Amino acid sequence: MIRDQSIICFAGEDWWYHHPHSKNHIMRRLARAGNRVVFVNSISMGLPSLSSPDLAIKIKRKLRSYLKAVRRTEEGIIVVSPPVLPFYSSRIGRKLNRWLLVAQLKLLMVAFELRDPILWIAIPTAGEIAGHLGERALIYQVSDKYEANTMDHASGSEVIRAMHQDLLARADLVYYSGRKLFEEDIAAHPEIAHKAKLLEQAVDFEHFASATEQHWEEPGDIANIGHPRLGYFGAIESWLIDQALIRYVSRERPDWQWVLLGLKAARLDVEDLPNFHHLGAKPYTEMPRYAASFDVCVLPWVTDNEFVSYGSAIKVREYLATGKPVVITPLYEYESLDGILRVSRGYDDFIAKVEDALANDSPEKRKARQLTVKESTWDARAEEVSDAIDALVGP
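Residues numbered from 1 in each chain as written. Predicted model: local features only at pLDDT ≥ 70, side-chain atom pairs only at ≥ 80, totals over all residues. Heavy atoms only, no water.

1. Digging into the overall build of the protein
Within the protein one finds 13 helices and 14 strands. Computed over its C-alpha atoms, the radius of gyration of the protein comes to 21 Å, within 12% of the 21 Å expected for a compact globule of 395 residues. Across the 395 residues in the protein, those meeting the buried criterion constitute 57%. Taking the contacts inside the protein whose residues are at least 6 apart along the sequence as the reference set, 71% of them involve residues at least 24 apart. Of the roughly 16600 Å² of accessible surface on the protein, a fraction of 52% belongs to carbon and sulfur atoms. (Helix = DSSP H or I, 4+ residues; strand = E, 2+ residues; numbered from the N terminus. Rg over C-alpha atoms; globule rule 2.2 N^0.38 Å. Buried < 20%, exposed > 50% of the residue type's maximum accessible area, 1.4 Å probe, protein only. Contact = heavy atoms within 4.5 Å. Areas by Shrake-Rupley, 256 points an atom, 1.4 Å probe, with all protein chains shown as cover.)

Dropping the structure here:
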């Protein structure tokens, strides 16, 4: 692993309240190897629309992050929540943000003795800062079809697309978290083929495998929920979760219990169902304990949203690592695993796939699911990143 490098990562997530994403996992490992790492919490893609039902709670979350300002984690990562103006459709707003971010980051670089940093950008709105921190190399990680996300913010799609294309041109290395994004951008921008790489999602394997490899006492808030339990953990958004699917399945199979863990910014329409249970966000350390009590792990995402269709959900690999049966709605990223997991093709097929999962499981099938992801660990991904950085900047 590389050592003694300074790395500034502009993540698309918040360290303090999001389920750990790829940047979180990789930066932890680079810090443990002896690198100086600054993790910049999401500077957002802009404010949600004023009519958005989750506007207030998202502002409240961000204000809580601002109150933490600058903190150091147990691995030594410096986590910072820099105040910015979330008005990226405005040229003046972008210039002010660049000035604010450069000033704040340069102070941090002096305070923590960071020199000639490697700049890792995983959100296109951070592109304005590129070239202003004296970076040795610029790495751009593409995790989503950014301009297709019109649900979380009110910034114009053309503005976000322009930021994305500018970073594609300027980056020394471009990482893609999903195969669909990777293939489409290479086709549209063949000039980046020499510097574009697929950095697939991974899993903290031993952590999630413990769900079925040791005995867990059931958490109190799930103990009184009946079986079978269809378990989900991760982001819970009204535009992401297929509520029509949940309502249909609940009508046809009212004894099946939906158990969802994760952040929820706005109330869902299905919360009135007697078999729907949202247990809130849980610590990462507790996820295997909850997963141990699931009968089937599910990914009930919508299938008619362009942004969602590009998803490469980490949780699918985490589900597989537990050994539990997995049923998902179609995602390009995981079509090749149909058979190891179960991909549903409609509401009735979802029911059929869950019934099959409940009736036809075995230790051999559980082991096969785990073996599919056993080597795809975050340690392995961090090694890939280390080798690529070494090739860019040398020891």
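2. As for unusual backbone geometry
Cis geometry is found at the peptide bond from H227 to P228, where omega equals 0°. Its location among the elements puts P228 in the loop between α6 (205-213) and β9 (229-233). In this structure, D4 takes a positive phi of about 60° despite not being glycine. Position of D4 among the secondary structure elements: in the segment before β1 (6-10). A relative accessible area of 52% means that D4 is categorised as exposed. Positive phi values are uncommon outside glycine, yet E113 reaches one of about 55°.

3. Let's talk about the packing of α6 against helix α10 (residues 314-322)
The contact between α6 and α10 brings their axes to 6 Å, and the two run at 50°. Considering their axes alone, α6 and α10 lie oblique with respect to each other. Relative to α10, α6 is oriented so that their crossing is right-handed. For the pair α6 and α10, contact is made by F205, F208, A209, A211 and T212 and by E318, A321 and T322, respectively. Along the lines of polarity and charge, the residues of the contact of α6 with α10 split into five nonpolar, two polar and one charged. (Axes fitted to C-alpha atoms, helices over the stretch in contact; angles between N-to-C directions. Parallel < 35°, antiparallel > 145°, perpendicular 65-115°, else oblique. Left-handed = near helix turned anticlockwise from the far one by under 90°. Nonpolar A, V, L, I, M, F, W, Y, C, P; charged D, E, K, R; others polar.)

4. Points about the environment of I139
Position of I139 relative to the elements: it lies in strand β6 (residues 137-142). For the pair I139 and I340, spaced 201 residues apart in sequence, the C-alpha to C-alpha distance is 33 Å. Excluding residues within four positions of it along the chain, I139 makes contact with I118, L119, W120, I121, L173, Y175, I389 and L392.

5. Description of the nonpolar core
Counting residues in each nonpolar core, the largest one holds 60 residues, and the members touching the most others are Y232, W258, W301, L341 and F350. Here W301 is in contact with Y232, L240, I241, D242, V308, G311, A313, K315, T329 and L331, once residues within four sequence places are set aside. Core analysis: the next-biggest nonpolar cluster, separate from the first, contains 40 residues, I123, Y140, Y146 and L167 among them. (Core = buried A, V, L, I, M, F, W, Y, C linked by side-chain atoms within 4.5 Å.)

6. A word on the sheet that holds β6
An order of β3-β4-β2-β1-β5-β6-β7-β8 is seen for the eight strands of this open sheet, with the pairing classed as mixed. Strands at the two margins of the open sheet, each flanked by one partner only, are β3 (70-72) and β8 (196-198). Adjacent strand axes in the sheet meet at a mean angle of 20°, parallel and antiparallel pairs treated alike. For β3 and strand β4 (residues 78-80), the ladder comprises three bridges, and the chain directions are antiparallel. Its bridge partner being in β4, V70 is matched across the sheet by V80. Contacts from helix α1 (residues 22-32) reach β1, β2 (36-40), β5 (118-121) and β6, with the element oriented near 160° to β2. Relative to β6, helix α4 (residues 157-170) is tilted by about 135°, and along the sheet it contacts β5, β6 and β7 (173-176). (Pairing = 2+ DSSP bridges.)

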